[in-house]
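Residue-level structure breakdown
Residues per chain, in single letters:
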Amino acid sequence: GAGVSQTPSNKVTEKGKYVELRCDPISGHTALYWYRQSLGQGPEFLIYFQGTGAADDSGLPNDRFFAVRPEGSVSTLKIQRTERGDSAVYLCASSKGTGNTEAFFGQGTRLTVV
Amino acid sequence: LAKTTQPISMDSYEGQEVNITCSHNNIATNDYITWYQQFPSQGPRFIIQGYKTKVTNEVASLFIPADRKSSTLSLPRVSLSDTAVYYCLVGDLRPSTLTFGKGTMLLVSP
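Predicted model only: the values in this text are computed from it and were never measured. (Residues numbered from 1 in each chain as written. Chains lettered and ligands numbered in written order. Predicted model: local features only at pLDDT ≥ 70, side-chain atom pairs only at ≥ 80, totals over all residues. Heavy atoms only, no water.)

**Some words on the overall build of chain B**
- The number of helices and strands found in chain B is zero helices and nine strands.
- For chain B, the sequential pattern of α-helices and β-strands runs β-β-β-β-β-β-β-β-β.
- Against the globule reference of 13 Å for 110 residues, chain B gives a C-alpha radius of gyration of 13 Å, in line with a compact fold.
- Each principal axis of the C-alpha distribution contributes one length, and for chain B these read about 40 × 30 × 25 Å.
- Partitioning the intrachain contacts of chain B with sequence separation of at least 6 by distance along the chain shows that 55% fall at a separation of at least 24.
- About 5,600 Å² of surface is accessible on chain B, with carbon and sulfur atoms providing 51% of the total. (Helix = DSSP H or I, 4+ residues; strand = E, 2+ residues; numbered from the N terminus. Rg over C-alpha atoms; globule rule 2.2 N^0.38 Å. Contact = heavy atoms within 4.5 Å. Areas by Shrake-Rupley, 256 points an atom, 1.4 Å probe, with all protein chains shown as cover.)

**Thoughts on the state of the cysteines**
Residues and elements named next belong to chain B.
- Under the definition given, this model contains two disulfides over all chains.
- The disulfide that involves C22 links it to C88, with 2.2 Å between the sulfurs. In this structure the cystine formed by C22 and C88 twists about its S-S bond by roughly -80°; its chirality is therefore left-handed. Placement of C22 in strand β2 (residues 18-23) and of C88 in strand β8 (residues 84-91) is noted, with a sequence separation of 66 residues between them.
- Using a relative accessible area of 0% as the deciding quantity, one classes C88 as buried. (Disulfide = S-S within 2.5 Å. Buried < 20%, exposed > 50% of the residue type's maximum accessible area, 1.4 Å probe, protein only.)

**Considering the sheet that holds strand β3 (residues 19-24) of chain A**
Residues and elements named next belong to chain A.
- Across the sheet, four strands lie side by side as β1-β3-β8-β7; this open sheet has antiparallel pairing. Unpaired on one side and paired on the other, β1 (5-7) and β7 (65-68) mark the two borders of the sheet. Taking each pair of neighbouring strands and ignoring which way they run, the sheet shows an average axis angle of 15°. (Pairing = 2+ DSSP bridges. Axes fitted to C-alpha atoms, helices over the stretch in contact; angles between N-to-C directions.)

**Details of unusual backbone geometry**
- Along the chain, A:T7 connects to A:P8 via a cis peptide bond; the corresponding omega equals -10°.
- One can find A:P8 in the loop between β1 and β2 (10-13).
- In this structure, B:S41 is a non-glycine residue whose phi angle is positive, near 65°.
- Relative to the elements of secondary structure, B:S41 occurs in the loop between β3 (32-38) and β4 (45-50).
- With a phi close to 55°, B:T53 is a non-glycine residue in the positive phi region.
- Mapped onto the elements, B:T53 comes out in strand β5 (residues 53-56).
- The exposure class assigned to B:T53 is exposed, which follows from its relative accessible area of 51%.

**Observations regarding the pattern of salt bridges**
Residue and element names in this part refer to chain A.
- If you walk through the whole model with that rule in mind, you get four salt bridges over all chains.
- Between E83 and R64 there is a salt bridge, with its nearest N and O atoms 3.5 Å apart. Of the two residues, E83 is situated in the loop between β8 (75-79) and β9 (88-95) and R64 in the loop between β6 (53-56) and β7; the sequence distance between them amounts to 19 residues.
- On the basis of relative accessibility, which here comes to 39%, the residue E83 falls in the partly exposed class.
- A salt bridge links R64 to D86, with the nearest nitrogen and oxygen atoms 2.8 Å apart. Remark: D86 occurs in the loop between β8 and β9 and R64 occurs in the loop between β6 and β7; sequence separation between them is 22 residues. The pair R64 / D86 is uniform in exposure class, with both members buried.
- Members of the salt-bridge network, linked through shared partners, are R64, E83 and D86. (Salt bridge = Lys/Arg side-chain N within 4 Å of Asp/Glu carboxyl O.)

**Some remarks on the environment of A:E20**
Residue and element names in this part refer to chain A.
- Along the polypeptide, E20 turns up in strand β3.
- Put simply, E20 and E44 are 24 residues apart on the chain and 19 Å apart in space, counted from C-alpha to C-alpha.
- Once you skip the residues sitting within four places of it in the chain, E20 turns out to touch P8, T76, L77 and K78.
- Among the polar contacts listed, one links the side chain of E20 to the side chain of Y18, at a separation of 2.6 Å. (Polar contact = N/O pair within 3.5 Å; in protein donor to acceptor, adjacent residues only side chain to side chain.)

So, in structure tokens, the structure goes:
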């Protein structure tokens, strides 16, 4: 595609519910990243995929957060038992491969947990 | 991980050159310096990346002194549309080492 696409653009959910956030990377990009950005802060690294595998998930805050990329393209970030502190903008980015830090970001999904 | 320090905010006027300096005293030998720009309600956008000396592209220049303990992003002749947050990142190109700080909020006025 022309750019990284994230859906939905906005998501409001109740505390305790499960949510899925989707990311469609740029076609041909093997590396995919998830970040989380709170108001007034810079993006915070969550997880990085190289192909289908999670190469680095050191940024996931706890085991309520999980991400998959089963076919090496689209990725889904899954959050279980959401908490109000999970409210943030979740950003997805992709790049051509390992070591290429020109990452292309999507518009993000604004998650609000009420 | 190398920590970066940059001004919280800067003000400028249209047509001026803007220089944003970032300090990274603990930069490691394998670390590169990367700058991103972020507009409200958008994801960050890559501007420029360098290792040493000077790098220039169609958008900006990046000046890195010999000791690499700081770097300066230079935006020539800014316009209103350059109003954004600018992030300085230092890392060895592994995604988990590229840490975004709070960035510098640049406000360009008419």
